[in-house]
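In case you want the letters, here they are:
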Amino acid sequence: MKDKKFTVKVKGIDVQITAEEDGEARYMVRMSKADSGRCGVGVRIGYLTGKQRKWVGESSRDARLTVPSDSAQDVCKKLAELALESVVV
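Residues numbered from 1 in each chain as written. Predicted model: local features only at pLDDT ≥ 70, side-chain atom pairs only at ≥ 80, totals over all residues. Heavy atoms only, no water.

Chemist: How would you explain a negative patch on the surface if you had to name every residue and give the values?
Modeler: On the surface, D3, E21, D22 and E24 cluster together to form a negatively charged patch. Along the chain, E24 turns up in the loop between β2 (13–21) and β3 (26–33). Classification of E24 as exposed rests on a relative accessible area of 78%. (Patch = residues over 30% accessible without salt bridge, like charges linked within 9 Å, V, L, I, M, F, W, Y side chains within 5 Å. Areas by Shrake-Rupley, 256 points an atom, 1.4 Å probe, with all protein chains shown as cover. Salt bridge = Lys/Arg side-chain N within 4 Å of Asp/Glu carboxyl O. Lys, Arg positive; Asp, Glu negative; His and termini not counted. Charge placed at Lys NZ, Arg CZ, Asp CG, Glu CD. Helix = DSSP H or I, 4+ residues; strand = E, 2+ residues; numbered from the N terminus. Buried < 20%, exposed > 50% of the residue type's maximum accessible area, 1.4 Å probe, protein only.)

Take a look at the structure:
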């Protein structure tokens with residue numbers, strides 16, 4: 001399968017999410033600010049596992065935090081939200 005890329009708004013911030021294939025039906029999910037204007041790899045925020053309409057996300061922050069959904073984009077957005085909860089401004 002192909003890598004997946006999404007741009008979503010999380011806490012008022014446009015975030016670019018990239019899920020890169022890391023095995024069969026498993027993707028490493030990275031996040032970066034969408035308007036940063038640089039080509040970086042982003043911060044690893046978790047893993048996405050599944051295909052078609054069955055997806056589960058696993059947070060890098062806490063492997064016990066799992067996110068089930070029918071949409072890979074929904075899972076990636078939730079992983080971004082969980083990652084931003086731990087950011088101190």
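Chemist: So, the sheet that holds strand β5 (residues 54–59): which residues are in play, and what are the values?
Modeler: Read across the sheet, six strands follow the order β1-β2-β3-β4-β5-β6 without closing on themselves; strand pairing throughout is antiparallel. If you trace the sheet from one side to the other, it starts and ends with β1 (4–10) and β6 (66–69), each paired once. For this sheet, the mean inter-axis angle between neighbouring strands, taken without regard to orientation, is 25 degrees. When β1 meets β2, the two strands line up antiparallel, connected through seven bridges. Counterpart to K5 in the pairing with β2 is T18. Here helix α1 (residues 72–85) sits on the sheet and contacts β1, β2, β3, β4 (43–51), β5 and β6; the angle it forms with β1, its principal contact strand, is near 50 degrees. (Pairing = 2+ DSSP bridges. Axes fitted to C-alpha atoms, helices over the stretch in contact; angles between N-to-C directions. Contact = heavy atoms within 4.5 Å.)

Chemist: Explain the nonpolar core residue by residue, including any values.
Modeler: Core analysis: the biggest nonpolar cluster contains 21 residues, and I17, V29, M31, I45 and L48 have the highest contact counts within it. Of all the secondary-structure elements, those providing two or more residues to this core are β1, β2, β3, β4 and α1. In terms of residue count, the dominant contributor to this core is α1 (eight residues). Leave out the neighbours within four places in its chain, and L48 touches K4, A19, A25, R26, Y27, V29, W55, V56, A72, V75 and C76. (Core = buried A, V, L, I, M, F, W, Y, C linked by side-chain atoms within 4.5 Å.)

Chemist: Tell me about the environment of S69, and please be specific about residues and values.
Modeler: Its location among the elements puts S69 in strand β6. With a relative accessible area of 19%, S69 lands in the buried category. Sequence separation of S69 and V56 is 13 residues, and the distance between their C-alpha atoms is 6.3 Å. S69 has contacts with R53, K54, W55, D74 and V75, leaving out every residue within four places of it along the chain. A polar side-chain atom of S69 sits 3.1 Å from the main-chain amide nitrogen of S71. (Polar contact = N/O pair within 3.5 Å; in protein donor to acceptor, adjacent residues only side chain to side chain.)

Purely geometric numbers; function is a separate question.
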